[in-house]
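# Structural characterization, general
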2 protein chains.
Amino acid sequence: MAKHLTSRKDDYSKWYNELVVQADLAENSAVRGCMVIKPYGYAIWEKMQAELDRMFKETGHQNAYFPLFVPKSLFEAEEKNAEGFAKECAVVTHYRLQNDPDNAGKLRVDPEAKLEEELVVRPTSEAIIWNTYKGWIQSYRDLPILVNQWANVVRWEMRTRLFLRTAEFLWQEGHTAHATEQEAIQEAVQMNEVYADFAENFMAIPVIQGVKSESERFAGAVETYCIEALMQDGKALQAGTSHFLGQNFAEAFDVKYTTKEGKQEYVWATSWGVSTRLMGALIMTHSDDRGLVLPPNLAPIQVVIVPIYKGLDQLEEVSVKVQEIEKSLRNRGVSVRYDDRDTLRPGAKFAQHELQGVPLRIAIGARDIANNTVELARRDTLTKEVVSMDEISNLIPDLLKEIQMALFEKARNFRDEHITEVDSFDEFKNVLKNKGGFISAHWDGTPETENRIKELTKATIRCIPLNVKKEKGNCILTGSESNQRVLFAKAY
Amino acid sequence: MAKHLTSRKDDYSKWYNELVVQADLAENSAVRGCMVIKPYGYAIWEKMQAELDRMFKETGHQNAYFPLFVPKSLFEAEEKNAEGFAKECAVVTHYRLQNDPDNAGKLRVDPEAKLEEELVVRPTSEAIIWNTYKGWIQSYRDLPILVNQWANVVRWEMRTRLFLRTAEFLWQEGHTAHATEQEAIQEAVQMNEVYADFAENFMAIPVIQGVKSESERFAGAVETYCIEALMQDGKALQAGTSHFLGQNFAEAFDVKYTTKEGKQEYVWATSWGVSTRLMGALIMTHSDDRGLVLPPNLAPIQVVIVPIYKGLDQLEEVSVKVQEIEKSLRNRGVSVRYDDRDTLRPGAKFAQHELQGVPLRIAIGARDIANNTVELARRDTLTKEVVSMDEISNLIPDLLKEIQMALFEKARNFRDEHITEVDSFDEFKNVLKNKGGFISAHWDGTPETENRIKELTKATIRCIPLNVKKEKGNCILTGSESNQRVLFAKAY
C-alpha cells in the first residue's frame, strides 16, 4: 500500500509495471506470459465491455460464441493468416494425462491419447468462424452477418508485459460477412470509428484514425484500419484495429452466396477487435507518479468518503452524515464507497485511493460537521477545496463530467504537442531521440524504405492517417516523391 | 424454417437435438465435441449471465480472470481433483507450428518448440486459483476472498450433446476463501440457494436442493450441494453445484493465514458453478412439439408483431399503428420486434416465432385497424384472443408476468407428479421403467449399494434432499436401516 512507486521520469517502464501491481489491477501468474486480472482491474475492464457491447448492438451486431480450438487443417487454410500466427501458437496434441510410472504421485501425458489432428488454441478466430459461416450462407438473403464474440485468445509471445502483451488475453472480435466489397469496407471503417468514439469519449484517450502500411497489416487482411494513441513516454500504442479482409477467407473456406440475379459470388469479410491491451493504454495515458488516474466513466468507485474521527462517538456522528450523502449520490447514479475501515489511518487511506485512481475523495470530520462542510479532493489535479455539505451531491455529477473532459483535453494537448512534422532524416532522428511522439513525414510508399527506417531508428509507420489533406513532398530517406505524410513513432 | 420437428413422444432425444439446431440456438462445429453458440442462443445465455452476475455482486462477490492454462505440476497438486479430471483434459505440449517439409502448404508441430512443462487447458480452476490465492492471503484481514470468474473450460468428454455435455463449455466459477469452516459452509449453502432462486424465479425451472452422495461429489470436495431439475422425459438434470472444499486446496497449495491470535491456519474454501448446460435445462423443461417455449425473463424478443396485409398501402397503414404500439411497449420495458420481412408469408413467420419460443405474438391486419383490435397469441398455451388496440400496451407487461408464473407452475406440477415414494426394489424398478422421474427411497448410505443400484437400473442418487424431515426406514436393496429417503433418477 505505502510502497514506493518509481517515478515516470526515473524509469517509465518500471513505473508502469509497479503501478499495475500496486494498484491491484493485475499480476503475473504461474503460467509463462499469462496474467491474473485482479478484481479491481477486472471491474474497469467490465466497464469497457459494457460500453463497447452497447455500441456494437446499437450498430446492429449480435454476440455469439465459437470454439476455442482450431483444427490444424482449418488453421492452415488461409495461407497468410496461418503464416502470421503459426510461429506463436499453443498446440493441443493430447486429450488425457495418466499416472507417471516413473514418478509416484505425478502425472504425464498418456501417449495413447494423441489427437489424430492437432488443435491450435485460437490466436484469432477467422478460420473457425469462416468455416462455420460456410454453413450459414447460401443466398444474398443470409447477408450481412454481423457477429461479435467476447473471448480469450492465445499468442505465444516471447516478451510479455501485463496488459500490453500477454500470451493469453481477453478481447472481442467482430466477424462480418457481406454481399459487396463496398458494404464490407463501410463496415470496417464504421467499426474503426466506433473504436475512436469509444477511446475518446469514454476512455478520454485521443486517437488518430488511419490505415496500416502493408507490412503492419493484419495477416490475411486487404486493408487494416486502426486507432493509434500516444503514451506519456512518447511511444505510440495501437489501441484497436478493423480489417477489410476482401474475399480471402471466403476463398479459403469456399463461402459463396447466390446473388439476386442467381450468380454465385464469394462473400466479403471484415474483422475487428480491441483487447485488454486497452487497460495498458488507459493506465499510461492518464496516470501520474502517485498512481492511477481514472476517467470517471471507467472508475469502479467514483467517489470515496473517508471519515476523520477520534473515538467511536465521533465515527458514529460522521457516519450518520455520510449515509445521507451516499444515498443522495447513489440516487444521482454516482458510485460511492464509504471507507470506514478501522485498520488504517486516514493518510494511508488517502494514499491508497490515490494509487487506485478514485476520481473524487470526500473527507468528513467533526469540525466539518460543525461547519456543515466537507473536504473535497480531486485526483486528477490533486487539488482540494472545502464545500458546503448541502451542495456536495449536486456538485459531484457535474464535477465528474468536468474531470472526464479535463483528462481528455490534457491528453489531447500532450498528444498534439507531440506530433512533429519533419522534412529530413536528420530532423527525424533528432526528434525521435529528443522528443519522441508521432513524427509526420513523407515516405516513398515502399516496404523497403519502411524497413530501413525501422532498422536505423526502431520507429515504425503507425498509420497513414485518414481524413487529412494530401500534400506533395519527398521521402525523408530516399527523396522519392510522396503524396501524403504518414505518422512514424516508436511503439508498444 | 418449415422443417418437421420430431415429436417428444416419438423420440425425445431426437426432438431435443433438432430443436436446438432448428431454433437457431447452437450447432456442432468442426472441432469434436465443441459447439457454436449461435446469436439467438447466445442472447438467452447473456440474459442468464446478467441476472446471475447481478445476484453474485449483490452477495458481495467480485469478478476476476485467471489463466486458461494450468501447468501440469499445479494440476496434479490436489490429488483427488487431479484424478477426477486427468482422464479427460486437453493438453498443450508445443508452442509453434512450422511448414511441413513433407507436405507443401501444410503445417506441422515444430518438434523444437516443445514446452518444458505441459499445460492443461482448465477443466476447472481450483488449482490455478489457489496457487494465486497463496500470494493474496497472509492474515485474517485478507479474508474472505469472494471472487467469481466467467470463463470457458474444457473437458474431453467422449459422448457430447449440444449444451448438455460439450468438450468446451461456458460457465462461471466462484472461488472463495474463508477464515473458518463454518463461514465456508455458509457460503457454499448460500450460493446453492442463489442458484435455486435463479432457476426457479428467473428460469421458471423448479429444483430440489440437496447434497451429493460421496461417489457423485466433485473431485476434491468435502461436500457438494446441488440443485436438481426434472426434464419432461422423466430424467433428472443437475443444474448447478456448490462445493465446500474444506482445507483440501489450502493444504495442496500451502495457503495459510495468521489468525487474530497470531496462529497459522489453513484457509477454508468453496467453489460453485453453473454453465451453458442450463440452456439444455431451459429447453427441456418448457418446450413442446412446436418448438421452444421461453419464459419471458429469458426471451430475447418478448413480443413479435406480424403485419397481415395485401399490397404496400395496407402495409403502410399497419406499420403506422405498429410504431405506436412498439414505442409504448418499449417504454414499459418490453422487448419487441416488428417482423415486416416481405420474403415470408404470415403463416411461415408464425411457425418460425413458435419454433423460437417468442412468448407473445401480435397480428394486425386491415380489419383489425377498422375494428381497433389486434390478435394476441400466447406461445405457452397456444391460445389466441382479440384485444382492443388501446389496451394492448397495458395488458402485455402483466401477461408476461403471468406467463412466467404459469410456466413455473406447470413445470412444478409435472415435477411434483413425478416424485414417487417407493419402499421396495421391485416397486423402484417398476416406477423407473413405467413412469420415470425422481424416486424417493431409503438407502443404506454405502457406495456399494449405490453402485449396485446403478448397475442394475442406471439410476443414480441425484441428491440427499435438504430441508426434509428425517424418516426411519429400510434400504430398498439391502434392507439395512436408513434415516432419510434420498432421490434416485436416471439423469443427463
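For chain A, an unreviewed UniProt entry supplies the name Proline--tRNA ligase and the organism Nonlabens spongiae. As its UniProt record puts it under Subcellular location (unreviewed entry), chain A is described as follows: "Cytoplasm". Recorded in UniProt under Catalytic activity (unreviewed entry), the annotation for chain A is "tRNA(Pro) + L-proline + ATP = L-prolyl-tRNA(Pro) + AMP + diphosphate".

The subject of this paragraph is the sheet that holds strand β4 (residues 69-71) of chain B. Strand-to-strand pairing in sheets goes through backbone hydrogen bonds, with the strands running parallel or antiparallel. Across the sheet, which stays open at both edges, the six strands sit in the order β4(A)-β8(A)-β5(A)-β5(B)-β8(B)-β4(B) with antiparallel pairing between neighbours. Two strands close off the open sheet at either side, each with one partner strand: β4 (69-71) of chain A together with β4 of chain B. Between one strand and the next, the sheet's axes are offset by a mean angle of 45 degrees, whatever the strand orientation. Relative to strand β8 (residues 114-121) of chain B, β4(B) runs antiparallel, the two sharing three bridges. Residue pairing for β8(B): Pro71(B) is matched across the bridge by Leu119(B).

Right, let's get into the pattern of salt bridges. Enumeration according to the criterion identifies 62 salt bridges over all chains in this entry. Here Glu46(A) ties to Lys57(B) by a salt bridge, and the two come within 3.1 Å at their closest N and O atoms. On the criterion of chain membership, the pair formed by Glu46(A) in helix α2 (residues 39-58) and Lys57(B) in helix α2 (residues 39-58) is interchain, its members lying in two chains. Given the relative accessible area of 37%, Lys57(B) is considered partly exposed.

We now examine the relation of the copies chain A and chain B. The two copies are related by a screw operation: chain A maps onto chain B through 180 degrees of rotation and 0.0 Å of translation along the axis, at an RMSD of 0.0 Å. The transformation just described matches what one would write down for a two-fold rotation axis. No C-alpha of chain A approaches the rotation axis more nearly than that of Val92(A), which lies at 2.1 Å. Here 100% of the contact residues of chain A are again contact residues in chain B; the copies associate through an equivalent surface.

What follows concerns the packing of helix α1 (residues 12-22) of chain B against helix α8 (residues 277-286) of chain B. All names here are of chain B. Relative to each other, α1 and α8 sit at 115 degrees, their axes nearing to 11 Å. Considering the relative orientation of α1 and α8, their crossing is right-handed. When α1 is examined against α8, the residues Tyr12, Trp15, Tyr16, Leu19 and Val20 are found in contact with a partner set consisting of Gly280, Ile283 and Met284. A per-class count over the contact of α1 with α8 returns seven nonpolar, one polar and no charged.

So, on to the environment of Glu51(B). All names here are of chain B. Locating glutamate 51 in the fold gives a position in helix α2. Along the chain, glutamate 51 and asparagine 248 lie 197 residues apart, while their C-alpha atoms are 31 Å from each other. Excluding its chain neighbours within four sequence positions, the residues that come into contact with glutamate 51 are Phe198 and Phe202.

In this section: the pairing of strand β19 (residues 360-365) of chain A. Residue and element names in this part refer to chain A. Of all the six residues making up β19, six are buried; the element is thus mostly covered by neighbouring parts of the structure. Pairing of β19 with strand β20 (residues 373-378), which is carried by four bridges, proceeds in the antiparallel orientation. In the strand pairing of β20, isoleucine 362 is matched with leucine 376.

Attention now moves to the sheet that holds strand β21 (residues 383-388) of chain A. All names here are of chain A. As summarised here, the arrangement of the five strands in space is β18-β17-β19-β20-β21, forming an open sheet in which the pairing is mixed. Only two strands of the sheet have a single partner each, and these edge strands are β18 (336-338) and β21. Strand-to-strand, the axes of this sheet are offset by a mean angle of 25 degrees, without reference to chain direction. Contacts from helix α10 (residues 346-355) reach β17 (303-308), β18 and β19, with the element oriented near 170 degrees to β17. Lying on the sheet, helix α12 (residues 392-417) is in contact with β17, β19, β20 and β21; it crosses β20 at an angle near 10 degrees.

Let us look at the UniProt feature "domain: Aminoacyl-transfer RNA synthetases class-II family profile" (unreviewed entry) in chain A. Under the UniProt annotation, "domain: Aminoacyl-transfer RNA synthetases class-II family profile" (unreviewed entry) lies at residues 27-295 of chain A. Secondary structure across residues 27-295 of chain A comprises 29% helix and 32% strand; the distance between its end C-alpha atoms is 22 Å.

Cut-off values and rules
Residues numbered from 1 in each chain as written. Chains lettered and ligands numbered in written order. Predicted model: local features only at pLDDT ≥ 70, side-chain atom pairs only at ≥ 80, totals over all residues. Heavy atoms only, no water. UniProt positions renumbered as here; feature names shortened; annotations may be inferred. Pairing = 2+ DSSP bridges. Helix = DSSP H or I, 4+ residues; strand = E, 2+ residues; numbered from the N terminus. Axes fitted to C-alpha atoms, helices over the stretch in contact; angles between N-to-C directions. Salt bridge = Lys/Arg side-chain N within 4 Å of Asp/Glu carboxyl O. Buried < 20%, exposed > 50% of the residue type's maximum accessible area, 1.4 Å probe, protein only. Least-squares fit on C-alpha atoms with pLDDT ≥ 70 in both. Contact = heavy atoms within 4.5 Å. Left-handed = near helix turned anticlockwise from the far one by under 90°. Nonpolar A, V, L, I, M, F, W, Y, C, P; charged D, E, K, R; others polar.

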